[in-house]
Amino acid sequence: METPGSQSSLHRANLERVVRAVRLAGSLTQAEIARTTGLSAATVSNIVRELKDGGTVEVTPTSAGGRRARSVSLSGDAGIVIGVDFGHTHLRVAIGNLAHQVLAEESEPLDVDASAAQGLDRAEQLVSRLILATGVDRAKIAGVGLGVPGPIDVESGTLGSTAILPGWTGTKPAEELRARLGVPVHVDNDANLGALGELVWGSGRGVKDLAYIKVASGVGAGLVISGRIYRGPGGTAGEIGHITLDESGPVCRCGNRGCLETFAAARYVLPLLQSSHGTDLTMEAVVRLARDGDPGCRRVIADVGRHIGSGVANLCNLLNPSRVVLGGDLAEAGELVLGPIRESVGRYAIPSAARQLSVLPGALGGRAEVLGALALALSEMGDSTLLDGTLSAATPAFT
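Residues numbered from 1 in each chain as written. Predicted model: local features only at pLDDT ≥ 70, side-chain atom pairs only at ≥ 80, totals over all residues. Heavy atoms only, no water.

A. Quick look at a nonpolar patch on the surface. Judged by side-chain polarity, I225, Y230, L318 and L319 come together as a nonpolar surface patch covering roughly 400 Å² of accessible area. Examined against the element boundaries, L318 turns out to sit in helix 11 (residues 295-319). Accessibility expressed as a relative area gives 71% for L318, which makes it exposed. (Patch = residues over 30% accessible without salt bridge, like charges linked within 9 Å, V, L, I, M, F, W, Y side chains within 5 Å. Areas by Shrake-Rupley, 256 points an atom, 1.4 Å probe, with all protein chains shown as cover. Salt bridge = Lys/Arg side-chain N within 4 Å of Asp/Glu carboxyl O. Helix = DSSP H or I, 4+ residues; strand = E, 2+ residues; numbered from the N terminus. Buried < 20%, exposed > 50% of the residue type's maximum accessible area, 1.4 Å probe, protein only.)

Encoded structure:
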């Protein structure tokens with residue numbers, strides 16, 4: 001047993017700091033590890049050598065700032081994580097390793113009226129199919145990240161009321177999927193996972209404070225503050241779709257009137273165009289038509305952008321993020337929607353907050369949430385197993 005404050009416990013703590021930094025970032029140079037952990041360059045060099053000898057990390061030559069450097073990442077066979085994303089009409093699953101490499105990914109349609117049990121059974125089948133296809137060892141699964149389109153109670157893990165997957169309300173999806181797969185499962189709402197995906201792999205890389213706005217069947221925001229997802233004590237932070245824009249506006253599914261969602265979500269926007277474009281219209285089709293020059297679709301998308309911009313301006317005034325990333329089908333409209341968002345932000349946000357803000361489309365498209373689920377599993381897993389393997393394979397060089 002290690003004595004607190006002893007040389008061996010200090011060494012163990014330093015190992016954990018390095019492994020965690022690399023695990024969360026995917027790969028870092030040794031200089032970046034030193035800056036991230038606060039350890040000296042010499043200490044980092046010794047620890048990286050020990051981790052490499054134990055098979056925990058891989059070191060590859062690279063360059064940084066025009067100089068030669070060494071890039072450190074976790075070994076590709078050190079462990080496996082799984083991401084599962086449930087949407088309004090889809091189920092998507094991905095398998096990745098601890099080096100942030102996606103090994104397999106697949107999606108299939110999902111009946112919105114399916115029960116939670118049916119959906120989770122489908123997820124178990126798809127996970128098993130991808131494991132078989134990739135040939136990965138089930139014993140190496142470190143954890144699963146699970147995304148659902150609704151609020152998750154932080155303490156109980158219960159999914160709150162949602163009109164997007166009505167058969168899921170009151171269930172505990174992480175607990176039920178854990179029972180099926182036999183591994184740790186961590187759950188969050190889809191907007192938070194979209195934010196995490198863009199933060200790690202997409203348009204949010206290198207940023208510590210951002211908001212990911214997802215516009216689909218509903219409207220939600222994932223908030224990143226100081227590099228971490230902010231969920232609030234009850235798990236409902238980021239419900240930007242329920243900011244009131246018009247007290248006399250349409251009745252929202254939450255029971256209030258004139259919420260942002262009633263001016264921007266697909267279920268409210270598509271009926272505006274059905275008389276002229278037909279009842280089979282989808283948001284994806286609206287975006288495509290708008291990009292092709294359809295005036296009605298362009299006008300609707302611009303209006304939606306201005307409404308979203310009003311909500312973003314409120315976020316700017318409260319939280320002062322440096323970046324807003326737009327996700328969902330609407331992001332494919334590019335400047336047709338981003339321009340009006342910036343216009344409203346410039347009009348309604350505090351000038352200093354508006355000047356510091358950049359508004360970008362998501363880089364990951366429909367994959368943001370499932371990649372965020374992988375990132376969630378990576379962030380929640382412990383380092384004990386990795387370090388125990390290293391300590392048994394290498395002789396400690398105490399630092």
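B. Layout of the packing of helix 2 (residues 30-37) against helix 3 (residues 41-53). Contact pair helix 2 / helix 3: the axes reach a minimum separation of 9 Å and the direction vectors enclose 115°. As for the relative orientation of helix 2 and helix 3, their crossing is right-handed in sense. Between helix 2 and helix 3, the contacting residues are Q30, I33, A34 and T37 on the first element and V44, S45 and V48 on the second. Looking at side-chain class alone, the contact of helix 2 with helix 3 contains four nonpolar, three polar and no charged residues. (Axes fitted to C-alpha atoms, helices over the stretch in contact; angles between N-to-C directions. Left-handed = near helix turned anticlockwise from the far one by under 90°. Contact = heavy atoms within 4.5 Å. Nonpolar A, V, L, I, M, F, W, Y, C, P; charged D, E, K, R; others polar.)

C. Region of the structure containing the sheet that holds strand 4 (residues 80-86). The strand order 6-5-4-7-8 describes an open sheet built from five strands, whose pairing is mixed. Bordering the open sheet on either side are strand 6 (102-109) and strand 8 (185-189), each of which pairs with just one other strand. With direction set aside, neighbouring strand axes in the sheet form an average angle of 15°. Pairing between strand 7 (residues 141-148) and strand 8: five bridges, direction parallel. Looking across to strand 8, one finds that L146 is bridged to V187. Packed on one face of the sheet, helix 4 (residues 116-134) meets strand 4, strand 5 (90-97), strand 6 and strand 7 and runs near 145° to strand 6. (Pairing = 2+ DSSP bridges.)

D. Spatial organisation of the side chain of S71. Counting through the fold element by element, S71 comes out in strand 3 (residues 67-74). S71 has contacts with S27, L28, T29, E58, V59, T60 and T62, leaving out every residue within four places of it along the chain.

E. A look at the packing of helix 1 (residues 7-25) against helix 3. Two elements in contact, helix 1 and helix 3, have axes separated by 10 Å at closest approach and are oriented at 80°. One finds that helix 1 runs roughly perpendicular with respect to helix 3. Here H11, N14, L15, V18 and V19 of helix 1 lie close against helix 3, whose contacting residues are T43, I47, E50 and L51. When its residues are assigned to classes, the contact of helix 1 with helix 3 shows five nonpolar, three polar and one charged. (Parallel < 35°, antiparallel > 145°, perpendicular 65-115°, else oblique.)

F. Structural detail: the pattern of salt bridges. Here the structure, examined in full by the defined rule, presents 14 salt bridges. Between R180 and D121 there is a salt bridge, and its shortest N-O distance comes to 2.9 Å. With R180 in helix 5 (residues 173-181) and D121 in helix 4, this pair connects stretches of sequence that are 59 residues apart. We classify R180 as partly exposed; its relative accessible area is 24%. Relative accessible area serves as the criterion here: at 33%, D121 is assigned to the partly exposed category. Between E335 and R342 there is a salt bridge, with its nearest N and O atoms 2.7 Å apart. One network of salt bridges, in which partners are shared, links E106, E108, R122 and R129.

G. Fine view of the domain arrangement of the protein chain. For the protein chain, the assigned domains are domain 1 (7-75), domain 2 (80-194 + 369-385) and domain 3 (206-363). For domain 1 versus domain 3, the separation of C-alpha centres amounts to 39 Å. (Domains from an automatic or database assignment.)

H. Expanded view of unusual backbone geometry. Within the chain, S226 stands out as a residue other than glycine whose phi angle is a positive 55°. Tracing the backbone shows S226 in the loop between strand 10 (219-225) and strand 11 (228-230). S226 gets classed as exposed once you look at its relative accessible area, which sits at 56%. Backbone geometry at N320 places phi at a positive 55°, although glycine is not the residue there. Here N320 shows up in the loop between helix 11 and strand 12 (323-327).

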